[in-house]
Amino acid sequence: MRYHEEADALRKAHWPKCDKLAADLTAKGPRAAEALESALTSRIHHVRSAALKGLAAVDPRRARLKARELLADRAYEVRVTAANILGVAVPD
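A brief report on the enclosed structure follows. Just so you know, these numbers come straight off a predicted model, no measurement behind them.

### Brief notes about the nonpolar core
Next, step 1: Formed by 26 residues in total, the largest nonpolar core has its most connected members in L10, L36 and L55.
Next, step 2: Breaking this core down by element, the ones donating at least two residues are α1 (3-12), α2 (17-27), α3 (33-38), α4 (45-58), α5 (60-70) and α6 (76-86).
Next, step 3: Those residues within four positions of L36 in sequence are excluded, and the remaining contacts are L10, A22, L25, T26, A51, G54, L55 and V58.

### Digging into the environment of A35
Next, step 1: By the secondary structure assignment, A35 is in helix α3.
Next, step 2: Expressed as a C-alpha distance, the spacing of A35 and H45, which sit 10 residues apart in the sequence, is 16 Å.
Next, step 3: Discounting chain neighbours no more than four positions away, the residues touching A35 are Y3, A7 and L25.

### A look at the packing of α1 against α2
Next, step 1: With their axes 9 Å apart at the nearest point, α1 and α2 run at an angle of 160 degrees to one another. For the element pair α1 / α2, the angle class is roughly antiparallel. For the pair α1 and α2, the sense of crossing is left-handed. In contact with Y3, E6, A9 and L10 of α1, α2 contributes C18, L21, A22 and L25.
Next, step 2: Tallied by class, the residues present in the contact of α1 with α2 amount to seven nonpolar, no polar and one charged.

Criteria and thresholds
Residues numbered from 1 in each chain as written. Predicted model: local features only at pLDDT ≥ 70, side-chain atom pairs only at ≥ 80, totals over all residues. Heavy atoms only, no water. Core = buried A, V, L, I, M, F, W, Y, C linked by side-chain atoms within 4.5 Å. Buried < 20%, exposed > 50% of the residue type's maximum accessible area, 1.4 Å probe, protein only. Helix = DSSP H or I, 4+ residues; strand = E, 2+ residues; numbered from the N terminus. Contact = heavy atoms within 4.5 Å. Axes fitted to C-alpha atoms, helices over the stretch in contact; angles between N-to-C directions. Parallel < 35°, antiparallel > 145°, perpendicular 65-115°, else oblique. Left-handed = near helix turned anticlockwise from the far one by under 90°. Nonpolar A, V, L, I, M, F, W, Y, C, P; charged D, E, K, R; others polar.

If you want it as structure tokens, here you go:
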């Protein structure tokens, strides 16, 4: 499966499958960063959170940039993940 196909599968997955798919992408190394970043556009908050955690594992700099954007996410879980990556308090 190519990275864009894996990113599509991740974007459509629900919890806990999305955590496994993100971990599988993370195991493939830095080349998977684009696929993980593209999954941040998912409407499913579990997917956004899993993709952000995976991105932090393969490309911490890019993850910090995306985490700043996601501090204002509509889902509390995503805001917590972003705050943990940045080492800041969770915004309300």
